[in-house]
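Tertiary structure, described
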Amino acid sequence: MSVNPVRGLLDSLSVLFYISSIFGVIPYSLWAFAKRTAIQLSLVGNVWVVGNLVVYTGLYHVATINYTKDDWGSQKTLTNAIGIFIIYMEPFMMAVDMVAGLINQKRLAQCFDRLARLDNHLAGEGVMVNNGRMRRYSIVLLLLMLLFEAIITVYSFVAFEEEFNAWSLIWFITTIPTALNSVCRIWYVMLVSAIRQRFNAMNAHMNAIAHGILHYKEQYAGEPDADIAEISLDYLEKEIFTVYTQRRKQLTVATPPKKTNANATTKVITVKPYQPKQPASPPLKPSVTSPPPPPHHNSAMQPWPAADAVGYGPAQEFLPTDRRLRPHIEQRLDNKLILFCRTHDELCEIGKVVNRMYSVQMLVAMAHGFVAITAEFYFLYCSLTQQEVPILFRTAEVFLLGLAYIVYTALKCIVPIFVCWRTKTDSQRTGIELHYLANAVDEVHCYEVVNHLSLKLLNHQLNFSACGFFDLDMTTLYAITGAITSYLIILIQFNLAAIQKSNSNSTIASNVSTTTMSVVEGVVTTALTTYVSN
């Protein structure tokens, strides 16, 4: 792991950064990143992005014209309109991504700086973030993009290109907009995953502290607490009962006893609560593996062995070294909990910035995915039923090719939605881990601090949406899947109705022509018979 967590985060995205800079997706200085592993604004990078945008758009149009040749008018007008919309939606999405990269280049650099400060603060509290996982995720996603692009482009070129020459290789230009769109989606997924990774690191650290404290209490060898030890309470009941009883003790100690009149005849009967009988000296838990201590040597007063210290994890710094002493955390955990609350707030703010940077792109990507998948499924059905497929949807003529296109387009919608949904749920789990830790500590001060911080966490709501039209979560994925299914059924029904109408029209035309021929033959026969008889 790198000493500087921020440098590790940028190093983990180095492959993605180089590819994005070379193809003009992000307008940063490639030289500064290669030399110092830093994000630096660059005028040359901005010019490079604009130039690539113009060149890619022009070459895509030329390649599309060369692919369709003169077959634009051979299909119905509505089918051509849908095909043109879907085909030119890809360079439009590329333009939106690249222009948004130019507009949000300062925001993206600020996001990395803010993540840098958060990683340094977390490292100071012993929470280390493994950025190597981000590197593996980015490389896997890039390899999947390369695999799908190669299958779709090469298979389409070999299957549908009639003349193989140097000019026909321009068809490979059509893969650039879709590939760059995928690279932008990978950037979005990596940023959201980085936020989620830090949420998980905080939650896991608090969970480890809680488990360490509970593990210590299981091995506790001192006097048990007579107030609560024999009462089975749930979490909320335990919190309320602990706070109430300890405050009552404080008020009892602070309030002096009232002076009573000596002549008063009122007799007060004191009733003590039931307390189970405790043995005179609670037995210590025997140790089978460890030898008995030497004379005049108390093993409980010595520091833990290395194996026991590892078992308590990050909770070791808050626990006493003598197992006969009850742990009193008190205010020693406050700074860590306050830091986690502030880190949670900062991560939510970074998530909101990322959402603002990519909300338009996600809206366009979801619209394109919905239309493209529905159209591809419909024309795949037409191909399987031996119907004519428009040239703009020729990929549907090959089942495996059409299926690969559907899976590739669906993944570009499903992966961002899934990552956003998991990040949102992990951010909400921080409050649960806070209360779980308070339940493990079981002290009034910790309960009060956690309850106060919980009110702040309620205002740290993290949500990802597409310009506010819909949230990027599993409910949206369910709605899109249902909409695709509904529209596909409607299109198939219209297709069946058109086929039935065409068959009925052809039958009527055939019957009319047959009747006409019969009448003509009858007239001719009558005329010939009359002529012969005369």
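Everything here concerns the structure above.
Residues numbered from 1 in each chain as written. Predicted model: local features only at pLDDT ≥ 70, side-chain atom pairs only at ≥ 80, totals over all residues. Heavy atoms only, no water.

**A look at the overall build of the chain**
The helix and strand inventory of the chain stands at 14 helices and 0 strands. Considering only contacts in the chain between residues 6 or more positions apart, those separated by 24 or more positions represent 81%. When the accessible surface of the chain is split by element, carbon and sulfur atoms take 64% of a total near 30100 Å². (Helix = DSSP H or I, 4+ residues; strand = E, 2+ residues; numbered from the N terminus. Contact = heavy atoms within 4.5 Å. Areas by Shrake-Rupley, 256 points an atom, 1.4 Å probe, with all protein chains shown as cover.)

**Remarks on the packing of helix 6 (residues 105-124) against helix 11 (residues 334-384)**
Contact pair helix 6 / helix 11: the axes reach a minimum separation of 11 Å and the direction vectors enclose 165°. The angle between helix 6 and helix 11 falls in the class roughly antiparallel. Of the two elements, helix 6 crosses helix 11, and the hand of that crossing is left-handed. Of helix 11, the residues touching helix 6 (which contributes Arg107, Leu108, Cys111, Arg114, Leu115, Leu118, His121 and Leu122) are Leu339, Phe340, Thr343, Glu346, Leu347, Glu349, Ile350, Val353, Val354, Arg356 and Met357. (Axes fitted to C-alpha atoms, helices over the stretch in contact; angles between N-to-C directions. Parallel < 35°, antiparallel > 145°, perpendicular 65-115°, else oblique. Left-handed = near helix turned anticlockwise from the far one by under 90°.)

**Focus on helix 8 (residues 175-218)**
Over its 44 residues, helix 8 runs 61 Å from end to end, which matches the ideal 64 Å to within 8%, given 1.5 Å per residue. In terms of burial, helix 8 is largely enclosed, as 34 of its 44 residues are buried. (Expected span 1.5 Å × (residues − 1). Buried < 20%, exposed > 50% of the residue type's maximum accessible area, 1.4 Å probe, protein only.)

**Re the nonpolar core**
Counting residues in each nonpolar core, the largest one holds 110 residues, and the members touching the most others are Trp187, Tyr188, Leu337, Val354 and Leu437. The greatest single-element share of this core, amounting to 22 residues, is contributed by helix 8. When near neighbours in sequence (up to four residues on either side) are disregarded, tryptophan 187 contacts Leu13, Leu16, Phe17, Ser20, Ile26, Phe112 and Tyr358. Counting 5 residues, the second-largest nonpolar core is a separate cluster that includes Ile373, Leu380, Ala410 and Ile484. (Core = buried A, V, L, I, M, F, W, Y, C linked by side-chain atoms within 4.5 Å.)

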